[in-house]
Amino acid sequence: MFTSALWFYMTPAIPKPSMHELATKLYHPSAYDKQSGLGDNFGSTIMIINGGLECGSGRENAGAASRGSYYNSLLEYFGLPKEDKLGCAHMKPFSTGSS
């Protein structure tokens with residue numbers, strides 16, 4: 001189970017970058033990505049994992065909102081600055097125009 005999670009984290013699923021690329025800032029959003037609301041933010045990780053189920057509807061999914069809140073709680077716990085763009089409601093999917 002752990003190895004499959006590690007594989008998912010490390011492997012890009014074209015046109016989506018890998019989670020690792022987002023987390024380490026190796027991913028640099030293209031002009032299309034920026035216009036689509038994608039970037040090196042927590043919301044984009046949700047788009048990678050559950051984009052078709054939770055993102056792009058214009059209304060924040062309860063699961064996505066909960067994960068964003070939990071993420072900010074962890075940042076606060078570790079004394080790191082809070083982040084914005086935690087959700088993905090207004091994002092468009094990654095596409096061939098993506099980095």
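The structure we're discussing is the one just above.
Just so we're clear, the structure is a prediction, and the values are computed from it rather than from any experiment.

**With respect to the packing of helix α4 (residues 42-54) against helix α5 (residues 62-77)**
- Where α4 meets α5, the axes come as close as 11 Å, and the angle between the chain directions of the two elements is 160°. Taken together, the axes of α4 and α5 are roughly antiparallel relative to one another. In the crossing of α4 with α5, the sense of the turn from one axis to the other is right-handed. For the pair α4 and α5, contact is made by F42, I46, N50 and E54 and by A64, R67, G68 and Y71, respectively.
- Its residues assigned to classes, the contact of α4 with α5 comprises four nonpolar, two polar and two charged.

**Some words on a nonpolar patch on the surface**
- Residues Y70, L74, Y77, F78 and L80 make up a contiguous nonpolar surface patch of about 630 Å² in total accessible area.
- Take L80: it is sitting in the segment after α5.

**Notes on the nonpolar core**
- Counting 14 residues, the largest nonpolar core has L38, I46, M47 and F94 as its most contacted members.
- Elements supplying a minimum of two residues to this core: α2 (19-23) and α4.
- Each residue touching M47, except ones within four places of it in the same chain, is listed here: K16, L38, C55, M91, K92, P93 and F94.

**Concerning the side chain of N72**
- Relative to the assigned elements, N72 resides in helix α5.
- When its relative accessible area of 12% is taken as the criterion, N72 is described as buried.
- The contact partners of N72, leaving out residues within four places of it in the chain, are K82, E83 and L86.

Here is what the cut-offs are and how they apply
Residues numbered from 1 in each chain as written. Predicted model: local features only at pLDDT ≥ 70, side-chain atom pairs only at ≥ 80, totals over all residues. Heavy atoms only, no water. Axes fitted to C-alpha atoms, helices over the stretch in contact; angles between N-to-C directions. Helix = DSSP H or I, 4+ residues; strand = E, 2+ residues; numbered from the N terminus. Parallel < 35°, antiparallel > 145°, perpendicular 65-115°, else oblique. Left-handed = near helix turned anticlockwise from the far one by under 90°. Contact = heavy atoms within 4.5 Å. Nonpolar A, V, L, I, M, F, W, Y, C, P; charged D, E, K, R; others polar. Patch = residues over 30% accessible without salt bridge, like charges linked within 9 Å, V, L, I, M, F, W, Y side chains within 5 Å. Areas by Shrake-Rupley, 256 points an atom, 1.4 Å probe, with all protein chains shown as cover. Salt bridge = Lys/Arg side-chain N within 4 Å of Asp/Glu carboxyl O. Core = buried A, V, L, I, M, F, W, Y, C linked by side-chain atoms within 4.5 Å. Buried < 20%, exposed > 50% of the residue type's maximum accessible area, 1.4 Å probe, protein only.

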